[in-house]
Amino acid sequence: MIVAPPSGNTDPLGMTVLHRGFDTLALAVKANIPLELFKYLESQKELAEQERREVLIDYNGVKLLLKPHGGNGYRFIASGGQQGATWFFKKPNAKDDWGIRLSFGSYFMAMHGLGRAKAHVDEALTRLGVYFGRDSISISRADFCVDILAPDFELIPEQFVMHSGAGRRDFVADADKSINGKSGRTTSVTVGGPRNRQVIIYDKRAEVIAHKKTYWWDIWNHTLRYIGDNAPCNHTLHRADNPPTILSPDPEQAQANRVWRVEFRAGKDLLKDTWGIRTWDQLFDLYGDLCRQSGEVVRYTEPDPTDSNRARWPNHPLWEIACAEMNDDLIEMRSGADPKPMKEVHREQHISTIFRNVHGSCITIAALEGAEAEDLPETFADLARQMQDEVKAKPEKAAKQLQDAKERYVFIRRPELT
(Lines give C-alpha, C1' and ligand atoms only; values in the text may rest on other atoms or scores of the structure.)
Protein backbone atom coordinates (compact mmCIF):
# COMPACT_ATOMS: atom_id res chain seq x y z
CA MET A 1 0.00 0.00 0.00
CA ILE A 2 1.50 3.36 -1.06
CA VAL A 3 0.30 6.48 0.70
CA ALA A 4 1.42 9.71 -0.93
CA PRO A 5 2.48 12.39 1.56
CA PRO A 6 0.43 15.59 1.36
CA SER A 7 1.45 17.74 -1.60
CA GLY A 8 3.77 20.60 -0.89
CA ASN A 9 4.49 19.58 2.72
CA THR A 10 7.87 20.25 4.19
CA ASP A 11 9.70 17.20 5.44
CA PRO A 12 10.85 17.21 9.08
CA LEU A 13 13.28 14.37 8.28
CA GLY A 14 15.33 16.71 6.08
CA MET A 15 14.63 15.13 2.69
CA THR A 16 14.19 17.26 -0.44
CA VAL A 17 13.25 16.11 -3.94
CA LEU A 18 15.78 17.60 -6.37
CA HIS A 19 14.65 15.98 -9.61
CA ARG A 20 12.12 13.57 -11.03
CA GLY A 21 11.72 12.42 -14.59
CA PHE A 22 12.56 9.87 -17.26
CA ASP A 23 16.23 8.91 -17.24
CA THR A 24 16.75 6.58 -20.21
CA LEU A 25 14.55 5.78 -23.19
CA ALA A 26 15.28 3.21 -25.90
CA LEU A 27 13.13 2.22 -28.85
CA ALA A 28 13.16 0.40 -32.18
CA VAL A 29 11.64 1.52 -35.47
CA LYS A 30 9.94 -0.87 -37.86
CA ALA A 31 11.51 0.58 -40.99
CA ASN A 32 14.63 0.48 -43.12
CA ILE A 33 16.70 3.50 -44.07
CA PRO A 34 16.32 4.59 -47.71
CA LEU A 35 18.96 3.54 -50.24
CA GLU A 36 20.20 7.12 -50.70
CA LEU A 37 20.88 7.47 -46.97
CA PHE A 38 22.58 4.06 -46.89
CA LYS A 39 24.98 5.05 -49.68
CA TYR A 40 25.78 8.32 -47.91
CA LEU A 41 26.44 6.58 -44.59
CA GLU A 42 28.54 3.93 -46.31
CA SER A 43 30.80 6.53 -47.91
CA GLN A 44 31.16 8.46 -44.66
CA LYS A 45 31.89 5.30 -42.70
CA GLU A 46 34.70 4.47 -45.11
CA LEU A 47 36.18 7.90 -44.37
CA ALA A 48 35.79 7.32 -40.63
CA GLU A 49 37.51 3.94 -40.92
CA GLN A 50 40.39 5.39 -42.92
CA GLU A 51 40.97 8.21 -40.44
CA ARG A 52 40.07 6.13 -37.37
CA ARG A 53 37.79 8.78 -35.91
CA GLU A 54 34.18 9.84 -35.75
CA VAL A 55 33.11 12.02 -38.68
CA LEU A 56 30.41 14.67 -38.66
CA ILE A 57 27.58 13.91 -41.06
CA ASP A 58 24.78 16.29 -42.03
CA TYR A 59 21.87 14.69 -43.87
CA ASN A 60 19.00 17.07 -44.56
CA GLY A 61 19.73 19.00 -41.39
CA VAL A 62 20.28 15.98 -39.13
CA LYS A 63 23.78 16.31 -37.68
CA LEU A 64 25.36 13.21 -36.18
CA LEU A 65 28.82 11.97 -35.32
CA LEU A 66 29.24 8.70 -37.25
CA LYS A 67 31.47 6.11 -35.64
CA PRO A 68 34.04 4.18 -37.72
CA HIS A 69 32.39 0.88 -36.77
CA GLY A 70 29.03 -0.77 -36.29
CA GLY A 71 28.00 -3.32 -33.68
CA ASN A 72 25.37 -5.78 -32.46
CA GLY A 73 24.05 -6.38 -35.95
CA TYR A 74 23.89 -2.68 -36.88
CA ARG A 75 26.07 -1.42 -39.70
CA PHE A 76 26.13 2.21 -38.56
CA ILE A 77 26.22 3.89 -35.15
CA ALA A 78 25.88 7.66 -34.90
CA SER A 79 25.51 10.05 -31.97
CA GLY A 80 23.60 13.30 -31.72
CA GLY A 81 25.42 14.30 -28.53
CA GLN A 82 23.73 15.16 -25.26
CA GLN A 83 21.06 17.18 -27.07
CA GLY A 84 20.09 14.24 -29.29
CA ALA A 85 19.89 10.46 -29.50
CA THR A 86 22.31 7.69 -30.34
CA TRP A 87 21.17 5.98 -33.54
CA PHE A 88 21.79 2.45 -34.82
CA PHE A 89 21.06 1.67 -38.48
CA LYS A 90 21.06 -1.70 -40.24
CA LYS A 91 21.79 -2.26 -43.90
CA PRO A 92 18.39 -2.21 -45.68
CA ASN A 93 16.96 -5.71 -45.81
CA ALA A 94 13.49 -6.62 -47.05
CA LYS A 95 13.47 -9.62 -44.72
CA ASP A 96 14.21 -7.51 -41.62
CA ASP A 97 11.64 -4.80 -40.94
CA TRP A 98 13.24 -3.56 -37.72
CA GLY A 99 16.19 -1.71 -39.20
CA ILE A 100 16.57 1.19 -36.77
CA ARG A 101 17.19 1.49 -33.05
CA LEU A 102 17.89 4.58 -30.96
CA SER A 103 18.28 5.65 -27.34
CA PHE A 104 18.19 8.86 -25.34
CA GLY A 105 20.49 9.40 -22.38
CA SER A 106 19.87 10.97 -18.99
CA TYR A 107 20.86 14.52 -20.01
CA PHE A 108 18.35 14.76 -22.85
CA MET A 109 15.52 13.24 -20.82
CA ALA A 110 16.21 15.44 -17.80
CA MET A 111 16.39 18.64 -19.82
CA HIS A 112 13.65 18.00 -22.39
CA GLY A 113 11.31 15.26 -21.19
CA LEU A 114 9.35 12.50 -22.91
CA GLY A 115 7.26 14.73 -25.17
CA ARG A 116 10.32 16.34 -26.70
CA ALA A 117 11.92 12.92 -27.17
CA LYS A 118 8.93 11.81 -29.26
CA ALA A 119 9.04 15.01 -31.31
CA HIS A 120 12.78 14.57 -31.84
CA VAL A 121 12.28 11.02 -33.16
CA ASP A 122 9.47 12.06 -35.51
CA GLU A 123 11.40 15.03 -36.88
CA ALA A 124 14.69 13.15 -37.34
CA LEU A 125 13.06 10.16 -39.07
CA THR A 126 11.20 12.49 -41.42
CA ARG A 127 14.38 14.38 -42.32
CA LEU A 128 16.22 11.10 -42.86
CA GLY A 129 13.56 10.05 -45.35
CA VAL A 130 12.32 7.11 -43.27
CA TYR A 131 8.66 6.22 -43.75
CA PHE A 132 6.98 5.16 -40.52
CA GLY A 133 3.50 4.96 -39.02
CA ARG A 134 1.93 5.20 -35.55
CA ASP A 135 2.59 1.51 -34.92
CA SER A 136 6.15 1.55 -36.28
CA ILE A 137 7.66 2.52 -32.90
CA SER A 138 8.40 -0.15 -30.29
CA ILE A 139 9.52 1.03 -26.85
CA SER A 140 12.18 -1.34 -25.50
CA ARG A 141 13.27 0.40 -22.30
CA ALA A 142 11.99 3.25 -20.16
CA ASP A 143 13.55 4.35 -16.85
CA PHE A 144 12.08 6.80 -14.37
CA CYS A 145 13.97 8.28 -11.44
CA VAL A 146 13.58 10.49 -8.39
CA ASP A 147 16.62 12.20 -6.83
CA ILE A 148 16.26 12.93 -3.13
CA LEU A 149 18.61 14.95 -0.94
CA ALA A 150 18.67 12.83 2.22
CA PRO A 151 21.76 13.55 4.34
CA ASP A 152 20.80 11.17 7.16
CA PHE A 153 19.57 8.27 5.05
CA GLU A 154 21.40 4.95 5.38
CA LEU A 155 20.75 2.26 2.77
CA ILE A 156 20.22 -1.16 4.39
CA PRO A 157 19.70 -4.06 1.94
CA GLU A 158 17.72 -6.13 4.45
CA GLN A 159 14.97 -3.50 4.50
CA PHE A 160 13.89 -4.32 0.94
CA VAL A 161 10.72 -6.36 0.68
CA MET A 162 10.14 -7.91 -2.73
CA HIS A 163 8.36 -10.64 -4.63
CA SER A 164 10.07 -13.97 -4.12
CA GLY A 165 10.88 -14.18 -7.84
CA ALA A 166 12.97 -11.01 -7.85
CA GLY A 167 16.74 -11.03 -7.52
CA ARG A 168 18.89 -8.55 -5.65
CA ARG A 169 22.42 -7.22 -6.14
CA ASP A 170 24.14 -5.30 -3.36
CA PHE A 171 27.18 -3.06 -3.77
CA VAL A 172 29.25 -2.05 -0.77
CA ALA A 173 31.95 0.63 -0.84
CA ASP A 174 33.52 3.48 1.14
CA ALA A 175 34.79 1.31 3.99
CA ASP A 176 34.90 3.41 7.14
CA LYS A 177 35.29 1.21 10.18
CA SER A 178 36.35 4.03 12.46
CA ILE A 179 32.96 5.74 12.34
CA ASN A 180 30.38 2.96 12.41
CA GLY A 181 32.47 -0.13 13.06
CA LYS A 182 31.13 -1.84 9.93
CA SER A 183 33.06 -3.14 6.94
CA GLY A 184 31.53 -0.60 4.60
CA ARG A 185 28.64 1.60 3.60
CA THR A 186 26.07 0.23 1.16
CA THR A 187 25.88 2.61 -1.79
CA SER A 188 23.57 0.70 -4.11
CA VAL A 189 20.94 -2.02 -4.06
CA THR A 190 19.50 -3.39 -7.28
CA VAL A 191 16.37 -5.55 -7.37
CA GLY A 192 15.34 -7.43 -10.53
CA GLY A 193 16.81 -7.85 -14.01
CA PRO A 194 17.37 -5.45 -16.93
CA ARG A 195 14.93 -7.13 -19.35
CA ASN A 196 12.08 -7.10 -16.85
CA ARG A 197 11.41 -4.96 -13.78
CA GLN A 198 14.40 -3.41 -12.05
CA VAL A 199 14.31 -1.17 -8.98
CA ILE A 200 17.44 0.56 -7.71
CA ILE A 201 18.35 2.82 -4.83
CA TYR A 202 21.86 4.21 -5.07
CA ASP A 203 24.12 7.05 -4.00
CA LYS A 204 23.69 9.36 -6.98
CA ARG A 205 26.13 11.96 -5.65
CA ALA A 206 28.97 9.41 -5.63
CA GLU A 207 28.02 8.19 -9.12
CA VAL A 208 27.94 11.74 -10.51
CA ILE A 209 31.42 12.45 -9.17
CA ALA A 210 32.85 9.10 -10.30
CA HIS A 211 31.55 9.46 -13.87
CA LYS A 212 32.02 13.24 -14.12
CA LYS A 213 28.34 13.90 -14.90
CA THR A 214 28.71 17.50 -13.82
CA TYR A 215 25.41 18.65 -15.34
CA TRP A 216 23.53 17.09 -12.42
CA TRP A 217 24.88 19.76 -10.07
CA ASP A 218 23.26 22.40 -12.29
CA ILE A 219 19.96 20.49 -12.42
CA TRP A 220 19.82 19.95 -8.67
CA ASN A 221 20.86 23.51 -7.84
CA HIS A 222 18.26 24.86 -10.27
CA THR A 223 15.61 23.09 -8.16
CA LEU A 224 17.05 24.51 -4.95
CA ARG A 225 17.00 28.02 -6.41
CA TYR A 226 13.39 27.48 -7.40
CA ILE A 227 12.53 26.38 -3.87
CA GLY A 228 14.33 29.43 -2.54
CA ASP A 229 12.01 31.62 -4.57
CA ASN A 230 9.02 29.90 -2.91
CA ALA A 231 7.93 28.60 -6.30
CA PRO A 232 8.24 24.79 -6.27
CA CYS A 233 8.52 23.15 -9.68
CA ASN A 234 5.40 21.08 -9.10
CA HIS A 235 2.83 20.67 -6.40
CA THR A 236 4.18 17.37 -5.10
CA LEU A 237 7.76 18.57 -4.65
CA HIS A 238 8.91 17.53 -1.19
CA ARG A 239 11.46 19.61 0.62
CA ALA A 240 13.16 19.83 3.98
CA ASP A 241 12.19 22.51 6.45
CA ASN A 242 15.45 24.28 5.70
CA PRO A 243 16.94 22.94 2.44
CA PRO A 244 20.45 24.07 1.48
CA THR A 245 20.83 26.85 -1.06
CA ILE A 246 23.39 25.00 -3.18
CA LEU A 247 24.98 21.55 -3.49
CA SER A 248 28.66 20.99 -4.07
CA PRO A 249 30.99 18.11 -4.99
CA ASP A 250 33.31 19.33 -2.23
CA PRO A 251 34.37 16.25 -0.20
CA GLU A 252 33.91 18.28 2.98
CA GLN A 253 30.19 18.56 2.12
CA ALA A 254 29.69 14.91 1.19
CA GLN A 255 27.39 13.97 4.07
CA ALA A 256 25.30 17.15 3.97
CA ASN A 257 25.02 16.93 0.17
CA ARG A 258 24.19 13.21 -0.07
CA VAL A 259 21.74 12.61 -2.92
CA TRP A 260 20.01 9.24 -3.27
CA ARG A 261 18.32 8.11 -6.46
CA VAL A 262 15.30 5.82 -6.55
CA GLU A 263 14.99 4.46 -10.08
CA PHE A 264 12.36 2.25 -11.67
CA ARG A 265 13.54 0.55 -14.86
CA ALA A 266 11.17 -1.16 -17.26
CA GLY A 267 12.81 -3.53 -19.73
CA LYS A 268 11.49 -5.02 -22.92
CA ASP A 269 9.82 -8.06 -21.33
CA LEU A 270 7.96 -6.04 -18.69
CA LEU A 271 6.84 -3.40 -21.20
CA LYS A 272 5.60 -5.74 -23.93
CA ASP A 273 4.75 -9.08 -22.36
CA THR A 274 3.36 -7.91 -19.01
CA TRP A 275 1.92 -4.49 -19.77
CA GLY A 276 1.37 -4.56 -23.52
CA ILE A 277 3.34 -1.34 -23.92
CA ARG A 278 4.89 -0.96 -27.35
CA THR A 279 3.78 2.30 -29.00
CA TRP A 280 4.02 5.91 -27.84
CA ASP A 281 0.29 6.03 -27.02
CA GLN A 282 0.50 2.90 -24.89
CA LEU A 283 3.53 4.29 -23.05
CA PHE A 284 1.71 7.56 -22.33
CA ASP A 285 -1.39 5.72 -21.14
CA LEU A 286 0.08 2.91 -19.05
CA TYR A 287 3.57 3.80 -17.82
CA GLY A 288 2.28 5.63 -14.74
CA ASP A 289 0.37 2.52 -13.67
CA LEU A 290 3.47 0.41 -14.33
CA CYS A 291 5.51 2.63 -11.99
CA ARG A 292 2.78 2.51 -9.37
CA GLN A 293 2.81 -1.29 -9.43
CA SER A 294 6.61 -1.41 -9.28
CA GLY A 295 6.46 0.59 -6.05
CA GLU A 296 4.15 -2.06 -4.61
CA VAL A 297 5.91 -5.20 -5.91
CA VAL A 298 9.23 -3.93 -4.53
CA ARG A 299 9.29 -1.82 -1.37
CA TYR A 300 11.95 -0.25 0.83
CA THR A 301 10.63 -0.48 4.35
CA GLU A 302 11.15 0.74 7.89
CA PRO A 303 11.59 -2.14 10.33
CA ASP A 304 8.93 -2.71 12.95
CA PRO A 305 10.64 -4.25 15.99
CA THR A 306 7.31 -5.65 17.19
CA ASP A 307 6.60 -7.54 13.95
CA SER A 308 8.85 -10.31 12.61
CA ASN A 309 6.92 -10.47 9.33
CA ARG A 310 8.86 -8.15 7.01
CA ALA A 311 5.99 -8.08 4.51
CA ARG A 312 3.96 -6.07 7.05
CA TRP A 313 6.66 -3.48 7.68
CA PRO A 314 5.61 0.04 6.63
CA ASN A 315 7.28 1.89 3.78
CA HIS A 316 10.31 3.98 4.62
CA PRO A 317 9.65 7.75 4.27
CA LEU A 318 12.17 7.89 1.39
CA TRP A 319 10.15 5.25 -0.47
CA GLU A 320 6.90 7.08 0.23
CA ILE A 321 8.30 10.29 -1.20
CA ALA A 322 9.72 8.60 -4.30
CA CYS A 323 6.48 6.75 -5.04
CA ALA A 324 4.41 9.91 -4.54
CA GLU A 325 6.53 11.69 -7.15
CA MET A 326 6.26 8.76 -9.56
CA ASN A 327 2.49 8.60 -9.14
CA ASP A 328 2.07 12.11 -10.50
CA ASP A 329 1.76 13.01 -14.21
CA LEU A 330 4.91 11.48 -15.75
CA ILE A 331 4.65 12.62 -19.35
CA GLU A 332 6.22 16.07 -19.51
CA MET A 333 8.50 15.90 -16.51
CA ARG A 334 11.83 17.63 -17.01
CA SER A 335 14.14 19.64 -14.81
CA GLY A 336 13.21 23.09 -16.09
CA ALA A 337 16.87 24.13 -16.15
CA ASP A 338 18.03 26.15 -19.17
CA PRO A 339 20.32 23.96 -21.34
CA LYS A 340 22.13 26.97 -22.87
CA PRO A 341 24.18 27.98 -19.80
CA MET A 342 24.78 24.31 -19.04
CA LYS A 343 26.20 23.87 -22.53
CA GLU A 344 28.48 26.84 -21.86
CA VAL A 345 29.65 25.26 -18.60
CA HIS A 346 30.26 21.94 -20.39
CA ARG A 347 32.35 23.71 -23.04
CA GLU A 348 34.38 25.63 -20.46
CA GLN A 349 35.06 22.41 -18.56
CA HIS A 350 36.45 20.83 -21.74
CA ILE A 351 38.62 23.89 -22.35
CA SER A 352 39.85 23.86 -18.74
CA THR A 353 40.73 20.15 -18.88
CA ILE A 354 42.56 20.47 -22.20
CA PHE A 355 44.44 23.56 -20.96
CA ARG A 356 45.63 21.72 -17.86
CA ASN A 357 46.85 18.86 -20.06
CA VAL A 358 48.69 21.25 -22.40
CA HIS A 359 50.17 23.18 -19.46
CA GLY A 360 51.37 20.00 -17.78
CA SER A 361 52.85 18.67 -21.03
CA CYS A 362 54.77 21.91 -21.58
CA ILE A 363 56.23 21.74 -18.06
CA THR A 364 57.22 18.10 -18.70
CA ILE A 365 59.01 19.14 -21.90
CA ALA A 366 60.79 21.90 -19.93
CA ALA A 367 61.90 19.37 -17.33
CA LEU A 368 63.23 17.00 -20.00
CA GLU A 369 65.19 19.86 -21.53
CA GLY A 370 66.75 20.73 -18.17
CA ALA A 371 64.96 24.05 -17.62
CA GLU A 372 64.62 25.62 -14.18
CA ALA A 373 61.51 27.29 -12.75
CA GLU A 374 62.69 30.77 -13.77
CA ASP A 375 63.14 29.49 -17.34
CA LEU A 376 59.49 28.43 -17.79
CA PRO A 377 58.17 31.68 -19.38
CA GLU A 378 60.85 31.57 -22.07
CA THR A 379 60.35 27.82 -22.54
CA PHE A 380 56.61 28.36 -23.08
CA ALA A 381 57.32 31.16 -25.57
CA ASP A 382 59.76 28.93 -27.43
CA LEU A 383 57.23 26.09 -27.59
CA ALA A 384 54.62 28.54 -28.95
CA ARG A 385 57.05 29.57 -31.69
CA GLN A 386 57.69 25.91 -32.51
CA MET A 387 53.96 25.28 -32.82
CA GLN A 388 53.56 28.33 -35.07
CA ASP A 389 56.43 27.07 -37.25
CA GLU A 390 54.75 23.65 -37.42
CA VAL A 391 51.48 25.24 -38.63
CA LYS A 392 53.33 27.29 -41.24
CA ALA A 393 55.30 24.28 -42.43
CA LYS A 394 52.25 22.01 -42.68
CA PRO A 395 49.21 24.28 -43.14
CA GLU A 396 47.03 21.63 -44.73
CA LYS A 397 47.64 19.19 -41.89
CA ALA A 398 46.91 21.87 -39.29
CA ALA A 399 43.71 22.90 -41.08
CA LYS A 400 42.60 19.27 -41.21
CA GLN A 401 43.27 18.79 -37.50
CA LEU A 402 41.33 21.97 -36.70
CA GLN A 403 38.35 20.84 -38.77
CA ASP A 404 38.42 17.41 -37.13
CA ALA A 405 38.34 19.05 -33.69
CA LYS A 406 35.43 21.30 -34.73
CA GLU A 407 33.47 18.24 -35.82
CA ARG A 408 34.32 16.29 -32.69
CA TYR A 409 32.99 19.05 -30.43
CA VAL A 410 30.20 20.25 -32.72
CA PHE A 411 27.49 19.71 -30.12
CA ILE A 412 29.08 21.88 -27.42
CA ARG A 413 30.53 24.67 -29.57
CA ARG A 414 28.86 28.07 -29.57
CA PRO A 415 25.82 28.12 -31.91
CA GLU A 416 27.28 30.87 -34.08
CA LEU A 417 30.35 28.70 -34.67
CA THR A 418 28.68 25.38 -35.57
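Criteria and cut-off values
- Residues numbered from 1 in each chain as written.
- Predicted model: local features only at pLDDT ≥ 70, side-chain atom pairs only at ≥ 80, totals over all residues.
- Heavy atoms only, no water.
- Helix = DSSP H or I, 4+ residues; strand = E, 2+ residues; numbered from the N terminus.
- Buried < 20%, exposed > 50% of the residue type's maximum accessible area, 1.4 Å probe, protein only.
- Contact = heavy atoms within 4.5 Å.
- Areas by Shrake-Rupley, 256 points an atom, 1.4 Å probe, with all protein chains shown as cover.
- Salt bridge = Lys/Arg side-chain N within 4 Å of Asp/Glu carboxyl O.
- Axes fitted to C-alpha atoms, helices over the stretch in contact; angles between N-to-C directions.
- Parallel < 35°, antiparallel > 145°, perpendicular 65-115°, else oblique.
- Nonpolar A, V, L, I, M, F, W, Y, C, P; charged D, E, K, R; others polar.
- Phe/Tyr/Trp six-rings, centres within 6.5 Å; stacked < 30°, edge-to-face > 60°.
- Lys NZ or Arg CZ within 6 Å of the ring centre and 35° of its normal.
- Pairing = 2+ DSSP bridges.
- Expected span 1.5 Å × (residues − 1).
- Bend = angle between axes of the 7 residues up to and from the residue.

Enquirer: Please explain the overall build of the protein chain as it appears in this structure.
Expert: A count of helical and extended segments in the protein chain gives 11 helices and 15 strands. A burial count over the protein chain gives 43% of its 418 residues as buried. Intrachain contacts of the protein chain at a sequence separation of at least 6 include 69% that bridge at least 24 residues. Carbon together with sulfur atoms contributes 52% to the accessible area of the protein chain, which is approximately 21,600 Å² in total.

Enquirer: Explain the environment of Gly-113 to me, please; I cannot follow it from the model alone.
Expert: Among the structural elements, Gly-113 can be located in helix α2 (residues 106-127). Along the chain, Gly-113 and Gly-21 lie 92 residues apart, while their C-alpha atoms are 7.2 Å from each other.

Enquirer: So what exactly am I meant to see when it comes to the pattern of salt bridges here?
Expert: Summed over all chains, the structure comprises 25 salt bridges. The partner of Arg-261 in a salt bridge is Glu-263, with the nearest N and O atoms 3.8 Å apart. Residues participating in the shared-partner salt-bridge network are Asp-23, Arg-141, Asp-143, Asp-147, Arg-261, Glu-263 and Arg-265.

Enquirer: Any chance you could explain the packing of α2 against helix α7 (residues 280-297) here in plain terms?
Expert: Each packed pair of helices is defined by two parameters, the angle between the axes and the distance between the axes. Here α2 crosses α7 at 175°, and the two axes come no closer than 12 Å. Taken together, the axes of α2 and α7 are roughly antiparallel relative to one another. Where α2 approaches α7, its residues Leu-114, Ala-117, Lys-118 and Val-121 are matched on the opposing element by Trp-280, Leu-283 and Phe-284. Class assignment of the residues belonging to the contact of α2 with α7 gives a composition of 6 nonpolar, no polar and 1 charged.

Enquirer: Hey, could you run me through the packing of aromatic side chains in this one?
Expert: Geometrically, a pair of aromatic rings is defined through the distance of the ring centres and the angle of the planes. In this structure the tally under the stated criterion is 17 aromatic pairs. With a centroid separation of 5.8 Å and an interplanar angle of 65°, the aromatic rings of Phe-38 and Phe-76 are classed as edge-to-face. With Phe-38 in helix α1 (residues 35-51) and Phe-76 in strand β5 (residues 76-79), the pair connects residues that are 38 residues apart, well separated along the chain. By relative accessible area, Phe-38 is classed as buried at 11%. A connected cluster of aromatic rings, assembled from ring pairs, spans Phe-153, Phe-160, Trp-260, Phe-264, Tyr-300 and Trp-319. Its end group placed over the ring of Tyr-74, Lys-90 keeps NZ or CZ at 5.3 Å from the ring centre. Lying across the ring of Trp-216, Arg-261 places its NZ or CZ 4.7 Å from the centre.

Enquirer: Please explain the pairing of strand β3 (residues 55-59) as it appears in this structure.
Expert: The side chains of a regular strand alternate, first on one face of the sheet and then on the other. Residues Val-55, Ile-57 and Tyr-59 point to one face of β3 and are all buried, whereas Leu-56 and Asp-58, pointing to the other face, are not buried. Here 5 bridges tie β3 to strand β4 (residues 62-66), and the two strands are oriented antiparallel to one another. Paired with Ile-57 across the strands is Leu-64, a residue of β4. Joining the antiparallel neighbours β3 and β4 is a turn of 2 residues, in which Asn-60 adopts a positive phi near 55°.

Enquirer: How should α2 be read in this particular structure?
Expert: Each turn of an α-helix holds 3.6 residues, which means side chains three or four residues apart point in the same direction. In this model, α2 (22 residues) spans only 24 Å end to end at C-alpha, well below the 32 Å of a helix rising 1.5 Å per residue. Taken as a whole, α2 carries its principal kink of about 105° at Gly-113. At the exit of α2 stands Gly-129, carrying a positive phi of roughly 80°.

Enquirer: Looking at this model, I keep getting lost on unusual backbone geometry. Mind explaining?
Expert: In this model, Asn-60 sits at a positive phi of 55°, which is unusual for a non-glycine residue. Within the secondary structure layout, Asn-60 lies in the loop between β3 and β4. For Asn-72, which is not a glycine, the phi torsion comes out positive at approximately 55°.

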